Amino acid sequence: MRRAVCPGSFDPITNGHLDIIARASRLYDEVYVAVMINKSKKGLFEIDQRIQLIREVTSEYANVRVESFHGLLVDFCKQRDIPAIVKGLRAVSDFDYELQMAQMNNGLTGVETLFVPTNPTYSFLSSSLVKEVAAWGGDVSHLVPPQVVEALNKRLARD
């Protein structure tokens, strides 16, 4: 069975993330979406809520599994016999950082990283940008799935 992982914080998941997950799901028998737990960083959404949102918006892909992890991604991969990490690249600036991570991960355990160019429609998109626009009342409905729009509206509701 060919397995891969799409890692990230997904706070929240965007249409750009979904595009990469969907493409990976066509290439691999099983795709894990690994939601990173960073205890030193407070996210907008709790980990359990992120996982639930991702499960909802990826439910059409029978071969996608969603789990959280903390620590080294290569340990997550080793525990699940996952030989490949799939990462989307938006711009050259992403490549510089991701290449270093890919080389480190490969050097630690032999896990390969595959870079997938982002759909040009989503080349500017990030979770941080979505949160900022939504916090100021902007329309993000074309950037995230409807379930995420609803969750953002609830989370950012003003008194």
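Residues numbered from 1 in each chain as written. Predicted model: local features only at pLDDT ≥ 70, side-chain atom pairs only at ≥ 80, totals over all residues. Heavy atoms only, no water.

## Topic: the overall build of the protein
Phase 1: Assigned secondary structure in the protein consists of six helices and five strands.
Phase 2: Ordered by position in the sequence, the α and β elements of the protein form the string β-α-β-α-β-α-β-α-β-α-α.
Phase 3: In terms of overall size, the protein behaves like a compact globule, its C-alpha atoms giving a radius of gyration of 15 Å where 159 residues would be expected to give roughly 15 Å.
Phase 4: Along the first, second and third principal axes, the C-alpha atoms of the protein reach 50 × 35 × 30 Å. (Helix = DSSP H or I, 4+ residues; strand = E, 2+ residues; numbered from the N terminus. Rg over C-alpha atoms; globule rule 2.2 N^0.38 Å.)

## Section: the state of the cysteines
Phase 1: In this structure the tally under the stated criterion is zero disulfides.
Phase 2: Take C6: it sits in no disulfide, and the sulfur closest to it among the cysteines is that of C77, at 11 Å.
Phase 3: Of the residues examined, C6 reaches a relative accessible area of 3% and is grouped as buried.
Phase 4: Its relative accessible area of 1% is what places C77 among the buried residues. (Disulfide = S-S within 2.5 Å. Buried < 20%, exposed > 50% of the residue type's maximum accessible area, 1.4 Å probe, protein only.)

## What about the UniProt feature "domain: Cytidyltransferase-like" (unreviewed entry) in the protein?
Phase 1: UniProt tags residues 5–132 as "domain: Cytidyltransferase-like" (unreviewed entry).
Phase 2: Span residues 5–132 is 44% helix and 23% strand, its end C-alpha atoms 27 Å apart. (UniProt positions renumbered as here; feature names shortened; annotations may be inferred.)

## Focus on the pattern of salt bridges
Phase 1: Under the definition given, this model contains twelve salt bridges.
Phase 2: For D11, the salt bridge identified is with R50, shortest N-O distance 3.6 Å. Here D11, found in the loop between strand 1 (3–8) and helix 1 (15–27), pairs with R50, found in helix 2 (residues 47–57); they are 39 residues apart in sequence, far enough to count as distant. An identical accessibility class is assigned to D11 and R50; each is buried.
Phase 3: Between E150 and K154 there is a salt bridge, with the nearest N and O atoms lying 3.4 Å from each other. Of this pair, E150 and K154 both sit in helix 6 (residues 146–155), four residues apart, roughly one helical turn.
Phase 4: Accessibility expressed as a relative area gives 47% for E150, which makes it partly exposed. (Salt bridge = Lys/Arg side-chain N within 4 Å of Asp/Glu carboxyl O.)

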